Amino acid sequence: TQLLEQSPQFLSIQEGENLTVYCNSSSVFSSLQWYRQEPGEGPVLLVTVVTGGEVKKLKRLTFQFGDARKDSSLHITAAQPGDTGLYLCAGSETSGSRLTFGEGTQLTVNP
Amino acid sequence: DAGVIQSPRHEVTEMGQEVTLRCKPISGHDYLFWYRQTMMRGLELLIYFNNNVPIDDSGMPEDRFSAKMPNASFSTLKIQPSEPRDSAVYFCASSIGTGGNEKLFFGSGTQLSVL
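Small disclaimer: the values here were computed from a predicted structure and weren't measured.

*Asks:* Before we move on, can you summarise the state of the cysteines with the specific residues and values?
*Replies:* All names here are of chain A. Overall, the coordinates contain two disulfides over all chains when judged by the stated rule. The disulfide partner of C23 is C89, and the S-S distance across this bridge is 2.0 Å. Across the disulfide from C23 to C89, rotation about the S-S bond amounts to roughly 75°, and the bridge is consequently right-handed. With C23 in strand β3 (residues 19–24) and C89 in strand β9 (residues 85–92), the pair connects residues that are 66 residues apart, well separated along the chain. A relative accessible area of 0% means that C23 is categorised as buried.

Shown next, in the form of structure tokens:
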């Protein structure tokens, strides 16, 4: 059983569309991170959220941490082909504990 | 900084052979992690070190897997003997501290195929 469930597993959209991907758990996390992984490379950290209800924006990407700190979402506005990749969420249940990764959402943005 | 460096990028070997994967973390980082990524199981933590000392190896699947960190700038993950089900991408990552808020820097991975 995955501690972090990500949905959808696969998403294929056209350039210019908006999308949201989700990261859910029954556990409470002290912090949650989002990474993007491109083919043939390792994951790269996009953002860390630590406060329930927190919203962070990174250009066209908006990250939200649920009020109860059990879930998170990533919204991309006007997606571009360069956004294509595997989006992974990772959570730490307590301060000092190691990160647990979700299985990821594979996003393809078609030109 | 060149980032986390892993070698080789690709390894193809036959079942039963010994495989050694190598990692050079970012200078100054005190934590080093070995992960395995597969389609079925996603990204799994195998083992991590703090200041060259193994802290948690509960993710190491079997005794066939071993990892060492002889100094702050080098770590190895060894599989002996290798089996086809070990085929995966193995990532090394390093960070300053570990507490959930730290930023993990990943290498480009080693694609291992065991035939």
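After presenting the structure, the write-up continues.
*Asks:* Let's hear about the pattern of salt bridges: which residues, and what values?
*Replies:* Oppositely charged side chains can pair when the atoms bearing their charge come close. Residues and elements named next belong to chain B. Counted according to the given criterion, the structure contains ten salt bridges over all chains. R64 is paired through a salt bridge with D86; the nearest N and O atoms lie 2.7 Å apart. On the criterion of sequence distance, the pair formed by R64 in the loop between β6 (53–56) and β7 (65–71) and D86 in the loop between β8 (74–79) and β9 (88–95) is long-range, its members being 22 residues apart. The burial state of R64 is the same as that of D86; both residues are buried. What you see here is one network of salt bridges that share partners, running through E62, R64, E83, R85 and D86.

Cut-offs and rules
Residues numbered from 1 in each chain as written. Chains lettered and ligands numbered in written order. Predicted model: local features only at pLDDT ≥ 70, side-chain atom pairs only at ≥ 80, totals over all residues. Heavy atoms only, no water. Disulfide = S-S within 2.5 Å. Helix = DSSP H or I, 4+ residues; strand = E, 2+ residues; numbered from the N terminus. Buried < 20%, exposed > 50% of the residue type's maximum accessible area, 1.4 Å probe, protein only. Salt bridge = Lys/Arg side-chain N within 4 Å of Asp/Glu carboxyl O.

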